[in-house]
Amino acid sequence: MDKTFQPGKIEAHWGKQWEDSGYFRPSGSGESYCIMIPPPNVTGSLHMGHAFQDSIMDALTRYQRMKGRNTLWQVGTDHAGIATQMVVERKLAHEENKTRHDLGRDKFLEKVWEWKAESGGTITR
């Protein structure tokens, strides 16, 4: 046994075996069970809140699958943009001492898209 935990090494081995075995595939039969709230938002970096929320949804989905239900955990990267809006508003206040109202809707949306271009891939990477 290794003296230190090597999650990348372990997950690469077991993740491939589980994927190849079809353990994560919905069965296509049984009563449906679906969790559909696509975190995380385009807020920069992953944090413990993401891990906590994802762990709960993962456990619930796996539990229901073990009970024979046809499961789906639909994930994504943004579901409403509210958290992203908050990040952009804070950045705007800190860097330019302005609010979204100072910019107006169109200019503020430009700032949101700039932030998305800058940080949008951080979480998915």
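So, how was this worked out
Residues numbered from 1 in each chain as written. Predicted model: local features only at pLDDT ≥ 70, side-chain atom pairs only at ≥ 80, totals over all residues. Heavy atoms only, no water. Helix = DSSP H or I, 4+ residues; strand = E, 2+ residues; numbered from the N terminus. Expected span 1.5 Å × (residues − 1). Buried < 20%, exposed > 50% of the residue type's maximum accessible area, 1.4 Å probe, protein only. Arc of directions from axis to C-beta. Phe/Tyr/Trp six-rings, centres within 6.5 Å; stacked < 30°, edge-to-face > 60°. Patch = residues over 30% accessible without salt bridge, like charges linked within 9 Å, V, L, I, M, F, W, Y side chains within 5 Å. Areas by Shrake-Rupley, 256 points an atom, 1.4 Å probe, with all protein chains shown as cover. Salt bridge = Lys/Arg side-chain N within 4 Å of Asp/Glu carboxyl O. pLDDT = per-residue confidence, 0-100.

Draft legend 1. Looking closely at helix α3 (residues 82-96). The end-to-end C-alpha distance of α3 is 21 Å, a good match for the 21 Å that 15 residues give at a rise of 1.5 Å each. Taken as a whole, α3 has its buried residues at Thr84, Val87, Val88 and Leu92. All buried residues of α3 project into a common sector of 135 degrees when viewed along the axis, lining one side. Across α3 from its buried face, at more than 90 degrees, point the exposed residues Ile82, Arg90 and His94. Immediately beyond the C-terminal end of α3, within one or two residues, lies Asn97, with a positive phi of roughly 55 degrees.

Draft legend 2. Seen up close, the environment of Asp54. Residue position: Asp54 is located in helix α2 (residues 48-66). For the pair Asp54 and Leu92, spaced 38 residues apart in sequence, the C-alpha to C-alpha distance is 29 Å.

Draft legend 3. Main features of the packing of aromatic side chains. Summed over all chains, the structure comprises 1 aromatic pair. Geometrically, the ring pair formed by Trp14 and Trp18 is tilted, given 6.2 Å between the ring centres and 35 degrees between the ring planes. Remark: Trp18 and Trp14 occur in helix α1 (residues 7-21); sequence separation between them is 4 residues, near one turn of the helix. Using a relative accessible area of 34% as the deciding quantity, one classes Trp18 as partly exposed.

Draft legend 4. Representation of a nonpolar patch on the surface. On the surface, Phe5, Ile10, Trp14, Trp18 and Tyr23 cluster together into a nonpolar patch covering about 560 Å² of accessible area. You can call Ile10 partly exposed: its relative accessible area is 38%.

Draft legend 5. Geometry of the confidence of the model for the chain. Scored by pLDDT, the chain has a mean of 84; 91% of the residues are at 70 or more. Per-element confidence in the chain is highest for helix α4 (residues 100-103), whose mean pLDDT is 96, and lowest for helix α5 (residues 105-124), whose mean pLDDT is 86.

Draft legend 6. Region of interest: unusual backbone geometry. Here Asn97, not a glycine, exhibits a phi torsion of approximately 55 degrees, which is positive. With respect to the helices and strands, the residue Asn97 is situated in the loop between α3 and α4.

Draft legend 7. Representation of the pattern of salt bridges within the structure. This model, assessed by the stated rule, comprises 6 salt bridges. Residue Glu95 is joined to Lys91 by a salt bridge in which the shortest nitrogen-to-oxygen separation is 3.0 Å. With Glu95 and Lys91 both in helix α3, this residue pair falls 4 residues apart, about one helical turn. Take Lys91: its relative accessible area is 26%, and that puts it in the partly exposed class.

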